[in-house]
Amino acid sequence: MLEPPNDQYFMREALRQAQKAREASEVPVGAVAVLAAKIIGRAYNQVELLKDATAHAEMLALTQAEAAVGDWRLTECDLYVTKEPCPMCAAALVHTRVRRVIFGCTDPVAGAAGSVMNLLQMPGFNHRCEITSGVLQDECATILKDFFRKRRGE
C-alpha cells in the first residue's frame, strides 16, 4: 500500500522549484501550497524575471492556491518553502490564514518565522500559523549557499 505524501515529499517539490529559480539566476527559493495532500500551487522566486520585488516564491504560490480554491482564505492549506519566510511573505501567510508553514532552512538575516521575529504567531494577530522547521534543512541551505558562493565569485 502506498503511504500518503509527507513533509519531505512536498519539500522535495519545493526544492525542484528552487532549482528552477537557480537556473533562472534568481535567489533559489521554491514553494508549494498543499490542500488535502495535493499540490494546488507551486512557484519559485521571480523577482528579477518579473521586475517585481513581491514576486517571492511564497507570494506566487499563494496566488495560485487562491485561484485553485476560489477564495483568498486558505484555512485548510499548508505552505512548504525552502527558506524561512521574510516579513512580507509571513504577513501574507497570516492574512490568507494558511494553516501550517513548513520550511527548510532558517534565515538569520530576515527570517520572520522565529529567527529574527515571528510574525506567523504574533499574539495580537487574528490568525496564527503552525510552524514546522528544518525539513530537508541541509538540502535547502546548500542550494542557497552554493548560489551565493557562485555569485560572490563572479
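Here the structure is a predicted model, which is why all the values come from computation and not from measurement.

Okay, the overall build of the protein next. A tally of helices and strands in the protein yields five helices and five strands. Secondary structure of the protein in N-to-C order comes out as α-β-β-α-α-β-α-β-β-α. The globule rule puts the C-alpha radius of gyration for 154 residues at 15 Å, and the 15 Å found for the protein is close to it. In terms of its C-alpha atoms, the protein occupies a principal-axis envelope of roughly 45 × 45 × 30 Å. In the protein, buried positions account for 44% of the 154 residues. Across the protein, contacts joining residues at least 24 apart in sequence account for 57% of those joining residues at least 6 apart. When the accessible surface of the protein is totalled, it reaches about 8,200 Å², and 53% of it is carbon and sulfur.

Of all the seven residues making up strand E3 (residues 77–83), seven are buried; the element is thus mostly covered by neighbouring parts of the structure. Sheet analysis places strand E1 (residues 30–35) next to E3, joined by five bridges and oriented antiparallel. Residue pairing for E3: Val32 is matched across the bridge by Tyr80.

Opposite charge on two side chains makes pairing possible when the charged atoms of those side chains draw close. Evaluated as defined, the whole model comprises eight salt bridges. Put simply, Glu13 and Arg42 hold a salt bridge, and the shortest N to O gap is 2.8 Å. One end of the pair, Glu13, is in helix H1 (residues 7–23); the other, Arg42, is in strand E2 (residues 38–44), with 29 residues separating them in the sequence. According to the relative accessible area criterion, Arg42 is partly exposed, its value standing at 35%. Between Asp78 and Arg99 there is a salt bridge; the shortest N-O distance is 3.0 Å. Here Asp78 is found in strand E3, whereas its partner Arg99 is found in the loop between helix H4 (87–95) and strand E4 (100–105), with 21 residues between them in sequence. Residue class for Arg99 comes out partly exposed when judged on its relative accessible area of 39%. Each of Glu13, Arg16 and Arg42 takes part in one network of salt bridges that share partners.

Turning to the environment of Leu49, a few remarks are in order. Assignment of secondary structure puts Leu49 in helix H2 (residues 47–50). The class of Leu49 is exposed, set by a relative accessible area of 54%.

Let's shift gears to unusual backbone geometry. Phi at Ala37 is positive, roughly 65°, even though this residue is not glycine. When you line up the elements, Ala37 lands in the loop between E1 and E2. Residues other than glycine seldom take positive phi values, yet Leu136 does so here, at roughly 50°. By the secondary structure assignment, Leu136 is in the loop between strand E5 (130–133) and helix H5 (137–153).

Here we come to the packing of helix H3 (residues 57–69) against H4. Running from N to C, H3 and H4 cross one another at 25°; their axes reach a closest spacing of 9 Å. Considered as vectors, H3 and H4 are oriented roughly parallel to each other. The two elements H3 and H4 cross, and the hand of that crossing is left-handed. Contacts between H3 and H4 involve Glu58, Met59 and Leu62 from the first element and Met88, Cys89, Ala92 and Leu93 from the second. Classifying every residue of the contact of H3 with H4 gives six nonpolar, no polar and one charged.

Procedures and definitions
- Residues numbered from 1 in each chain as written.
- Predicted model: local features only at pLDDT ≥ 70, side-chain atom pairs only at ≥ 80, totals over all residues.
- Heavy atoms only, no water.
- Helix = DSSP H or I, 4+ residues; strand = E, 2+ residues; numbered from the N terminus.
- Rg over C-alpha atoms; globule rule 2.2 N^0.38 Å.
- Buried < 20%, exposed > 50% of the residue type's maximum accessible area, 1.4 Å probe, protein only.
- Contact = heavy atoms within 4.5 Å.
- Areas by Shrake-Rupley, 256 points an atom, 1.4 Å probe, with all protein chains shown as cover.
- Pairing = 2+ DSSP bridges.
- Salt bridge = Lys/Arg side-chain N within 4 Å of Asp/Glu carboxyl O.
- Axes fitted to C-alpha atoms, helices over the stretch in contact; angles between N-to-C directions.
- Parallel < 35°, antiparallel > 145°, perpendicular 65-115°, else oblique.
- Left-handed = near helix turned anticlockwise from the far one by under 90°.
- Nonpolar A, V, L, I, M, F, W, Y, C, P; charged D, E, K, R; others polar.

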